[in-house]
Amino acid sequence: METEVISDIPRKRIGLLGGTFNPPHLGHLIMAEQVCTQLGLDRVDFMPDFQPPHIDPKQAIDAKHRVAMVQRAVMGNPNFGVELTEIKRGGKSYSYDTMVELHKRHPENQYYFIIGADMVAYLPKWYRITELTKLVQFVGVKRPGVKVHSSYPILWVDTPEIDVSSTLIRDKIAKQHSIRYLVPDPVCEYIEENKLYGKR
């Protein structure tokens, strides 16, 4: 007679913050920390995409540099990790494919997909969005002037508004302006050492 094996693997609540991280900045870190602590998650994994479906790949630097910067950005915070599923898979990074793969590898985990309030309006255009909402709980980060409404189930979180973006940072580097205090020091050092974004 077969006996049922009950898994003793503890169920974990894992946040996922996906993005190009070109480069990662303090806004990303603040958002992740706030979501993690407010929702009582076990950790938030930063998940760099290999090739985002909505961005010209020519605008993003090589994935190895983006991964290295993310690893440097999160080190020292036990609430943070790095998820490389999309990097290892290659090709365009569709969230549905990623969540299917993660659930197969880690059926014990419950996932929370973190997006900005401005992205919530685009959810109807996401690849296989209906099936995706059954695989992951979306977390919307509130932003001033953006409606808090969706036909999809969204957990809303308030975080401090930090007006910094990867585009702003790349522009400042191109103009040889300082990016100190906009990105973590190890990220700034990596950009300088590798002469990224036209850094001299």
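Residues numbered from 1 in each chain as written. Predicted model: local features only at pLDDT ≥ 70, side-chain atom pairs only at ≥ 80, totals over all residues. Heavy atoms only, no water.

## Looking at helix α4 (residues 95-105)
This is how it is decided: The rule is simple: take the accessible area with a 1.4 Å probe, protein chains only, and divide by the maximum for that residue type; under 20% is buried, over 50% is exposed, in between is partly exposed. Numbering of helices and strands starts at the N terminus; helices are DSSP runs of H or I of at least 4 residues and strands are runs of E of at least 2. What the arc covers is the set of directions going from the helix axis to the C-beta atoms. Residue contacts are counted whenever heavy atoms from the two residues lie within 4.5 Å of one another.
Among the residues making up α4, those that are buried are S95, Y96, T98, M99 and L102. Buried positions in α4, seen along its axis, are confined to an arc of 160° and lie on one side of it. Buried residues along α4 sit against β1 (12-19), β2 (43-48), α3 (85-89), β4 (109-116) and α6 (129-132).

## Some details on the environment of T98
Within the element layout of this structure, T98 appears in helix α4. Residue classification places T98 among the buried residues on the basis of a relative accessible area of 0%. In the structure, T98 is positioned 76 residues away from N22 in sequence and 20 Å away in space, judged by C-alpha atoms. Setting aside its immediate chain neighbours within four residues, T98 contacts M47, T85, E86 and R89.

## Notes on the sheet that holds β1
Test applied: Paired strands, in this sense, are two strands between which DSSP finds at least two bridges. Angular values range over 0 to 180 degrees, each being the angle between N-to-C directions of two axes fitted as lines to C-alpha atoms, with helices fitted over their stretch in contact.
In spatial order, the strands read β3-β2-β1-β4-β5-β6; together these six strands make up an open sheet with parallel pairing. A strand with exactly one partner marks an edge of an open sheet, and here the two such strands are β3 (80-82) and β6 (154-157). Mean inter-strand twist for the sheet, computed between neighbouring axes without regard to direction, equals 30°. Sheet topology places β2 next to β3; three bridges connect them, and they run parallel. Note that in β3 the partner of D45 across the bridge is G81. Strands in contact with helix α1 (residues 26-39) are β1, β2, β3, β4, β5 (137-141) and β6; relative to β2, the strand with the most contacts, it is inclined by about 145°. Docked against the sheet, helix α2 (residues 63-74) engages β2 and β3, running at close to 160° with respect to β2.

## As for the pattern of salt bridges
Using the following cut-off: When a carboxyl oxygen of Asp or Glu lies within 4 Å of a side-chain nitrogen of Lys or Arg, that pair is called a salt bridge.
Per the stated rule, a full pass over the model turns up nine salt bridges. Put simply, D118 and R143 hold a salt bridge, and the shortest N to O gap is 2.6 Å. One end of the pair, D118, is in helix α5 (residues 117-120); the other, R143, is in the loop between β5 and β6, with 25 residues separating them in the sequence. Given a relative accessible area of 37%, D118 falls into the partly exposed group. Its salt-bridge partner being D158, residue K142 comes within 3.6 Å of it at the nearest N-O pair. Taken together, the positions of K142 in the loop between β5 and β6 and D158 in the loop between β6 and α7 (166-174) put the pair 16 residues apart, joining distant regions of the chain. In the salt-bridge network here, residues are joined through shared partners; they are E83, R89, E101 and R105.

## Some details on a negative patch on the surface
The condition is simple: Patches draw on residues past 30% relative accessible area with no salt bridge. Two like charges within 9 Å are joined, as are two nonpolar side chains (Val, Leu, Ile, Met, Phe, Trp, Tyr) within 5 Å. Note on areas: these come from Shrake-Rupley sampling with a 1.4 Å probe, and a residue is covered only by the protein chains present in the view. Note that His is not counted, nor are the chain ends; the positive residues are Lys and Arg, and the negative ones are Asp and Glu. One atom stands in for each charge, and that atom is NZ of Lys, CZ of Arg, CG of Asp or CD of Glu.
Taken together, D185, E189, E192 and E193 make up a surface patch of like negative charges. Tracing the backbone through its elements, the reader meets E192 in helix α8 (residues 185-194). Classification of E192 as partly exposed rests on a relative accessible area of 41%.

## Re the confidence of the model for the protein
This is how it is decided: Values of pLDDT, ranging from 0 to 100, describe the predictor's confidence in every residue of the model.
The pLDDT averaged across the protein works out to 90; a share of 91% of its residues lies at or above 70. Throughout residues 1-6 the model reports pLDDT below 50, and contacts reaching past four residues in sequence, or to other chains, amount to zero contacts.

## Thoughts on the environment of Q51
Among the secondary structure elements, Q51 is positioned in the loop between β2 and α2. Taking the C-alpha atoms as reference, Q51 lies 25 Å from N109; in sequence the two are 58 residues apart.

## Quick notes on the pairing of β1
So the rule is basically this: With the strands aimed away from the viewer, a crossover counts as right-handed if its path from the first strand over the helix to the second runs clockwise.
In the sheet, β1 pairs with β4 via five bridges, with the strands oriented parallel. Directly across from K12, in β4, lies its bridge partner N109. For β1 and β2, the ladder comprises six bridges, and the chain directions are parallel. Bridged to G18 within β2 is M47. Crossover handedness for the path β1 to α1 to β2: right-handed.

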